Amino acid sequence: MVVNVTKICCIGAGYVGGPTCAVIALKCPQIQVTIVDLNKARIDAWNSPDFQLPIYEPGLEDVVRKARGRNLFFSTDVDKAIQEADLIFVSVNTPTKKAGVGAGFAADLNYVELATRQIARVANSSKIVVEKSTVPCRTAESMRTILEANSKPNVRFDILSNPEFLAEGTAINDLFAPDRVLIGSLQSAEGKAACAALTNVYANWVPKERILNVGLWSSELSKLAANAMLAQRISSINALSAICEATGANIDEVANAVGYDSRVGPKFLKASVGFGGSCFQKDILNLVYLSESLHLPEVAAYWRQVVDMNEYQKRRFSQTVVDTLFNTITGKRIAVLGFAFKADTGDTRESAAITLIKNFHSERALINVYDPKVEHAQIWQDLTEVVPGSTAESLKKTITISPSALEACKNVEAVIIATEWSEFKTIDWQKVYDGMNKPAFVFDGRLLVDAEKLRKIGFKVTTIGRGERL
Ligand SMILES: NC(=O)c1ccc[n+]([C@@H]2O[C@H](COP(=O)([O-])OP(=O)(O)OC[C@H]3O[C@@H](n4cnc5c(N)ncnc54)[C@H](O)[C@@H]3O)[C@@H](O)[C@H]2O)c1
Ligand SMILES: O=c1ccn([C@@H]2O[C@H](COP(=O)(O)OP(=O)(O)O[C@H]3O[C@H](CO)[C@@H](O)[C@H](O)[C@H]3O)[C@@H](O)[C@H]2O)c(=O)[nH]1
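Residues numbered from 1 in each chain as written. Chains lettered and ligands numbered in written order. Predicted model: local features only at pLDDT ≥ 70, side-chain atom pairs only at ≥ 80, totals over all residues. Heavy atoms only, no water.

## Describing the domain arrangement of the protein
Consideration 1: Under the domain assignment, the protein is made up of domain 1 (7–206) and domain 2 (307–463).
Consideration 2: One C-alpha centre belongs to domain 1, the other to domain 2; they are set 37 Å apart.
Consideration 3: Taken residue by residue, the interface counts six residues in domain 1 and nine residues in domain 2.
Consideration 4: Its largest share of buried area at the contact with domain 2, domain 1 owes to Y15, Y56 and E168, together 80% of the area lost on that side.
Consideration 5: Where domain 1 packs against domain 2, one counts one salt bridge.
Consideration 6: For E168, the salt bridge identified is with R349, shortest N-O distance 3.5 Å. (Domains from an automatic or database assignment. Contact = heavy atoms within 4.5 Å. Buried area = accessible area lost by both parts, 1.4 Å probe. Salt bridge = Lys/Arg side-chain N within 4 Å of Asp/Glu carboxyl O.)

## Brief notes about the site of ligand 2
Consideration 1: Not every one of the 22 residues close to ligand 2 is listed here, only the nearest: F165, L166, S272, C279 and R446.
Consideration 2: Contact distances for ligand 2 include 2.9 Å between a nitrogen atom and a backbone N or O atom of K270.
Consideration 3: G276 places a polar main-chain atom, nitrogen or oxygen, 2.9 Å from an oxygen atom of ligand 2.
Consideration 4: Here ligand 2 loses 90% of its free accessible area of 690 Å² to cover by the protein chains.
Consideration 5: Elements represented by at least two residues in the shell around ligand 2 include exactly α9 (216–247) and α11 (280–293).
Consideration 6: In terms of residue count, α9 provides more of the shell around ligand 2 than any other element does, four residues in total.
Consideration 7: Along the lines of polarity and charge, the residues of the shell around ligand 2 split into 11 nonpolar, three polar and eight charged.
Consideration 8: Summarising the domain contributions, the shell around ligand 2 has at least three residues from each of domain 1 (7–206) and domain 2 (307–463). (Near = heavy atom within 4 Å. Polar contact = N/O pair within 3.5 Å; in protein donor to acceptor, adjacent residues only side chain to side chain. Areas by Shrake-Rupley, 256 points an atom, 1.4 Å probe, with all protein chains shown as cover. Helix = DSSP H or I, 4+ residues; strand = E, 2+ residues; numbered from the N terminus. Nonpolar A, V, L, I, M, F, W, Y, C, P; charged D, E, K, R; others polar.)

## A short note on helix α10 (residues 251–259)
Given 3.6 residues per turn, any residue in an α-helix points the same way as the ones three and four places further on.
Consideration 1: Along α10, the residues classified as buried are I251, A255 and G259. Viewed end-on, α10 has its buried residues packed into an arc of 60 degrees, placing them on one side of the element. Exposed and facing more than 90 degrees away from the buried side of α10 are E253 and A257.
Consideration 2: Packed against the buried residues of α10 are α9.
Consideration 3: In this structure N250 caps α10, since a side-chain oxygen of it lies 2.8 Å from the backbone nitrogen of D252. (Buried < 20%, exposed > 50% of the residue type's maximum accessible area, 1.4 Å probe, protein only. Arc of directions from axis to C-beta.)

## Quick notes on the sheet that holds strand β13 (residues 441–444)
Consideration 1: Read from one edge to the other, the open sheet built from six strands follows the order β11-β10-β9-β12-β13-β14, with strand pairing classed as parallel. Strand pairing shows two members of the sheet lacking a second neighbour, β11 (399–401) and β14 (460–463), which therefore form its edges. Ignoring strand direction, the axes of neighbouring strands in this sheet form an average angle of 20 degrees.
Consideration 2: For strand β12 (residues 414–417) and β13, the ladder comprises four bridges, and the chain directions are parallel. What sits directly across from A414, in β13, is F441.
Consideration 3: In the packing of helix α13 (residues 352–362) onto the sheet, contacts are made with β9 (333–337), β10 (366–370), β11 and β12, and the angle to β10 comes to roughly 160 degrees. (Pairing = 2+ DSSP bridges. Axes fitted to C-alpha atoms, helices over the stretch in contact; angles between N-to-C directions.)

## Regarding the sheet that holds strand β2 (residues 32–36)
Consideration 1: If you trace the eight strands from one edge of the open sheet to the other, you get β3-β2-β1-β4-β5-β6-β7-β8, paired in mixed fashion. Strand pairing shows two members of the sheet lacking a second neighbour, β3 (72–75) and β8 (211–215), which therefore form its edges. Put simply, the sheet's adjacent strands are angled 25 degrees from each other on average, direction ignored.
Consideration 2: Each of β1 (7–11), β2, β3 and β4 (87–90) touches helix α1 (residues 17–27); the most contacted strand, β2, lies at about 170 degrees to it.
Consideration 3: Helix α8 (residues 189–202) rests against β1, β4, β5 (127–131), β6 (157–161), β7 (181–185) and β8 of the sheet, and its axis sits at about 160 degrees to β7.

## Section: the state of the cysteines
Consideration 1: According to the stated counting rule, one finds zero disulfides in the structure shown.
Consideration 2: Looking at C9, it has no disulfide partner, and the nearest cysteine sulfur is the one in C10, 6.9 Å off.
Consideration 3: By relative accessible area, C9 is classed as buried at 0%.
Consideration 4: The thiol of C10 is not disulfide-bonded; the next cysteine sulfur, from C21, is found 3.7 Å away. (Disulfide = S-S within 2.5 Å.)

## Things to note about the pairing of β2
Consideration 1: Burial within β2 is extensive, with four of its five residues counted as buried.
Consideration 2: Here β1 runs beside β2; their pairing, made up of five bridges, is parallel. Looking at the pairing, I8 lines up with V33 of β2.
Consideration 3: In terms of handedness, the path from β1 via α1 over to β2 forms a crossover that is right-handed.
Consideration 4: Of the pairings in the sheet, the one linking β2 to β3 comprises four bridges and is parallel in character. Bridge pairing in β3 links V33 to L72. (Right-handed = clockwise from strand over helix to strand, strands pointing away.)

## Brief notes about empty space enclosed by the protein
Consideration 1: According to the stated counting rule, one finds one cavity of 30 Å³ or more in the structure shown.
Consideration 2: Taken as a whole, the largest cavity holds about 70 Å³ of empty space.
Consideration 3: Lining the largest cavity are 10 residues, with E245, F317, T320, T462 and I464 positioned closest to its centre.
Consideration 4: Of all elements in the fold, only α12 (297–324) and β14 reach the threshold of two or more residues within the lining of the largest cavity.
Consideration 5: Sort the elements by how many residues they give to the lining of the largest cavity and α12 lands first, with three residues. (1 Å grid on protein atoms, 1.4 Å probe; cavity = no way out; pocket = protein on both sides within 12 Å on 5 of 7 lines; lining within 4 Å. Points joined across faces, edges and corners; volume = space filled by probe spheres on them.)

## Quick notes on the layout of surface pockets
Consideration 1: A volume near 150 Å³ is recorded for the second largest pocket.
Consideration 2: Looking at the lining of the second largest pocket, the elements that each hand over two or more residues are α6 (139–150), β6 and α8.
Consideration 3: No other element matches β6, which puts four residues into the lining of the second largest pocket.
Consideration 4: Tallied by class, the residues present in the lining of the second largest pocket amount to seven nonpolar, two polar and five charged.

Here's what the structure looks like:
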């Protein structure tokens with residue numbers, strides 16, 4: 001049984017595995033941390049001499065610069081890292097299933113299962129195996145069954161659940177000072193000992209009272225519950241934004257008034273064009289599937305509505321653009337500012353901007369896109385996935401990726417703010433206005449710009465959740 005962790009392996013060098021284990025390495029110089037991935041290009045980028053890391057995250061480069069080569073290593077040799085480690089994080093992707101039973105809802109646990117089988121196959125000594133990926137309730141049970149059925153003599157596996165709560169764009173701060181670290185274990189003596197071993201790793205920098213030790217199933221479910229409740233707040237405020245637009249109320253004022261109640265709190269009440277990101281939708285659909293599997297249709301319908309409301313918000317916003325531009329955008333050029341699913345990340349998974357552009361494209365608009373961080377190849381890949389039968393070449397006839405916000409806005413009829421990048425607040429809006437066709441429309445899907453200031457310049461401004469228009 002492992003009691004003192006000296007070597008950690010992390011399987012999966014993505015948005016979670018990379019930053020999380022880089023921070024563990026930084027904060028625990030006595031522990032050797034090896035992050036492995038099957039994706040060679042990704043590992044090469046983590047190892048690149050000029051720190052061209054595969055993901056953009058404020059503060060991440062500094063962490064990697066300090067720890068890489070000291071006690072932090074990136075490798076494609078998964079077997080070796082598993083064999084050497086006494087604690088293994090499984091931090092692989094768990095996307096929504098695309099085919100088979102539960103398609104469109106359930107989590108695809110194929111990557112988790114393959115990683116688990118690989119651990120069982122190559123491990124020569126006892127390990128603590130930690131579920132870091134977000135998984136349905138009782139996945140640890142399946143992992144344990146696989147590990148125990150395939151383990152070598154005298155090799156013992158203890159399974160922990162340690163879901164990650166970092167948000168992209170603030171990952172390093174979230175990891176340095178987490179609201180809580182959740183560790184789920186079996187309540188047996190061995191389970192509790194494994195839990196203590198991982199607790200000691202985090203205790204190198206996280207106050208003990210913020211490290212919560214709970215049962216395995218509670219830990220797994222808490223992760224889905226936390227995301228569902230955060231997304232539910234956004235859908236609630238977005239539902240209210242529709243009422244504001246119809247009545248003349250102002251969603252910022254409503255959110256502020258509601259958030260002042262200390263029982264509600266002010267965070268995650270920002271109306272928007274819809275939440276995106278790789279987690280919220282996936283994890284709620286997972287919860288819906290779990291509820292249905294447990295024969296709880298009312299519970300499933302309740303959570304399902306959070307995703308439905310998000311889809312409605314994106315549709316509603318797209319429709320407002322068309323309605324306001326005199327009921328047609330065919331042949332009109334519009335600028336979409338922002339492509340990432342939120343500011344301070346280059347990640348585009350489930351970004352609302354993708355749906356908006358798809359909708360505008362289907363109305364045969366001409367579109368200029370600008371994002372300060374997203375790679376052009378990623379934009380083409382995302383758009384070809386949502387426009388049936390398209391290729392990057394065919395899309396380039398009507399969609400252009402612009403090198404700056406100012407360029408994107410030249411000669412357009414309307415500017416759509418899709419991501420809350422702070423640079424969109426500070427661009428020279430007078431210059432934008434001068435370069436646009438008139439009337440010059442701005443649609444603020446992020447409550448980002450000072451609408452009054454823009455109106456004084458001459459813009460016709462529509463802001464999500466505000467009754468007063470243009
Ligand atoms: N992205 C987030 O902000 C976030 C936050 C909290 C939790 N999560 C959860 O964490 C998990 C990982 O998410 P992510 O965003 O880091 O995903 P990701 O796709 O960025 O990274 C996963 C990595 O795992 C690698 N991988 C898959 N199978 C492997 C195997 N058998 N051996 C080695 N490498 C393998 C993939 O190549 C990929 O690079 C998911 O379950 C997600 O729901 C994500
Ligand atoms: O008031 C708000 C807050 C967020 N958003 C949007 O919601 C999405 C998600 O934002 P955020 O939660 O900040 O980013 P994620 O990186 O998706 O992080 C969420 O998902 C992660 C993956 O599970 C969890 O670990 C985090 O705790 C959880 O916040 C983005 O499109 C935001 O623009 C809003 O529209 N209004």
